[in-house]
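# Descriptive structure summary
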Amino acid sequence: MQKLPLLWLALASTLPAADIAGSWRFTFVNFGEEFAPAKLELKLEGDKLTGNLNEIKLEGTTRNDTLKFTATRLNGNVFGVFEGRLTGGELRGTVKMADDTSQWIARRAVLPTAAPQTRTFAPTAFHRFFSGTIPPALHINPGDTVRSTTVDAGGRDAKNQRRSNGGNPETGPFYIEGAMPGDTISVKFNRIRLNRDSAGSGGRITPDALNAGYIRDAKYDDKFSSQWKLDRENGLAMLAKPSEHLKNFRVKLQPMLGCVAVAPPDKQTFRAGWLGSWGGNMDYNGLREGVTVYLPVYQPGALLFVGDGHAAQGDGELTGDALETSMDVEFTVNVISGKESSGPRAENDEYIMAMGIAGSLPDALRQATTSLARWIERDYHLTPNETAIVLGTSIRYDIAEIVDPQVNIVAKVSKAALAQLRD
């Protein structure tokens, strides 16, 4: 009677390993709460298992429907030792990290296969926060194009009717199927167009950009009007009630979006005036029609927000408000799988651009320069010495944002300069 179990075990050891190769959506589980989502990629060669948990390398073995692997950080330190089993189409198990043991679960990542389509989305609600806790307004697939509208920073729409409280109310969020932490999304803005003939701006220079003497001496007129008329036909803006010296003052219309964001990491929530590695209220006047914005993914589906249209804006948003107005927008979204970025990046026909967002101008400049250097080293296979030559001769800086809780500096290099590089 004892031979049957032994025979069964012998037969079981020769059974093919369960099909666990491929892409999985991974989360840790503690006290019934799932957290820290990530992309799990597994490869099998016989009973040898390799893969990645985002940027963390995995090596281990499988036997039938069980697996065991060690996860190692890029610096060589062990992240944790995982054990698990395939049960009901899910991978479940435990992980030992230092002196702590947690549970984990992974579900198959089903990538969209539908042909790209154009979706028209008419928002009925707007959100004044960037957060992964906000239910998606629309699910879209990679390659899809969305046509929609935004309200202005005060919540007014194309008919100048109030649709939301003020504070940069956002359109979205848009859930992008297949986007997972460890990926990057690209958002190509095909159209950013004015949809009304009025705008409002600030009428005082922000104190952050002034010395104390100017602030003390400035005699501001409380009755001064900084409301604008937008001449869309001729592409110009002028004050609706100009003072004597500004009767002939005209500004070229250059529509842009102040806010482009994904949901921040974990369960963090930020007001729509904030900005960070997830994008947000970046207020960069280079985010115009034709630009492609790249953002790191922190939450499943990324959860994309857009808003805060500006008819025109000088560098830094010096008065605290640009020419705030509503917009018609059209954008196409894609997922760059398995490629992380440290923060927002962008490109247009002329430049690639890396944004540095920090609490001070020097810190933001360092972040922007570092991000741009790493970008061209990765994509053009440059050494640090070669990067120094390229950026030392060709880099340009834009001061994008100085009035919000964080500063935004943009480092950029022309595609004409990069076209000279050899693989």
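Residues numbered from 1 in each chain as written. Predicted model: local features only at pLDDT ≥ 70, side-chain atom pairs only at ≥ 80, totals over all residues. Heavy atoms only, no water.

Let us now look at the pattern of salt bridges. Counting across every chain of the model gives 20 salt bridges. For R147, the salt bridge is made with E330, and the minimal N-O distance between the two is 2.8 Å. Of this pair, R147 sits in strand β12 (residues 145-150) while E330 is found in strand β25 (residues 327-336), placing the two residues 183 residues apart along the sequence. Under the relative-accessibility criterion, R147 is labelled partly exposed at 43%. (Salt bridge = Lys/Arg side-chain N within 4 Å of Asp/Glu carboxyl O. Helix = DSSP H or I, 4+ residues; strand = E, 2+ residues; numbered from the N terminus. Buried < 20%, exposed > 50% of the residue type's maximum accessible area, 1.4 Å probe, protein only.)

As a further point, take the packing of helix α3 (residues 361-380) against helix α4 (residues 384-394). Put simply, α3 and α4 touch, their axes get as near as 10 Å, and they point 120° apart. Relative to α4, the crossing made by α3 is right-handed. For the pair formed by α3 and α4, the contact residues are L372, A373, I376 and E377 on the first element and P384, T387, V390 and L391 on the second. The class makeup of the residues in the contact of α3 with α4 is 6 nonpolar, 1 polar and 1 charged. (Axes fitted to C-alpha atoms, helices over the stretch in contact; angles between N-to-C directions. Left-handed = near helix turned anticlockwise from the far one by under 90°. Contact = heavy atoms within 4.5 Å. Nonpolar A, V, L, I, M, F, W, Y, C, P; charged D, E, K, R; others polar.)

A few words on the side chain of T27. Of note, T27 is situated in strand β1 (residues 22-30). Its relative accessible area of 11% is what places T27 among the buried residues. At a separation of 3.0 Å, a polar atom in the side chain of T27 contacts the side chain of E34. The contact partners of T27, leaving out residues within four places of it in the chain, are E34, F35, A36, P37, W104 and I105. (Polar contact = N/O pair within 3.5 Å; in protein donor to acceptor, adjacent residues only side chain to side chain.)

Turning next to the pairing of strand β17 (residues 236-239). As paired strands, strand β16 (residues 227-231) and β17 are joined by 4 bridges and run antiparallel to one another. Along β17, the bridge assignment pairs W228 with L239. Adjacent in sequence and paired antiparallel, β16 and β17 are bridged by 4 residues, among which G235 carries a positive phi angle near 70°. (Pairing = 2+ DSSP bridges.)

This part covers α4. Those residues of α4 that fall on the buried side of the exposure criterion are T387, V390, L391 and S394. Taken around the axis of α4, the buried residues stretch over an arc of 85°, which confines them to a single face. Among the exposed residues of α4, those pointing more than 90 degrees away from its buried face are N385, I389, G392 and T393. On its buried face, α4 sits against α3, β28 (396-401), β29 (407-414) and α5 (415-418). (Arc of directions from axis to C-beta.)

Let's shift gears to α3. Here α3 spans 28 Å end to end across 20 residues, near enough to the 28 Å set by a 1.5 Å rise per residue. Every buried residue belonging to α3 is among A364, A368, S371, L372, A373, W375 and I376, and all of these are buried. Those residues of α3 that are buried are in contact with β26 (345-347), β27 (351-358), α4, β29 and α5. The backbone nitrogen of D363 lies 3.2 Å from a side-chain oxygen of the residue at the head of α3, namely S360. Once α3 ends, the next one or two residues include H381, with phi positive near 60°. (Expected span 1.5 Å × (residues − 1).)

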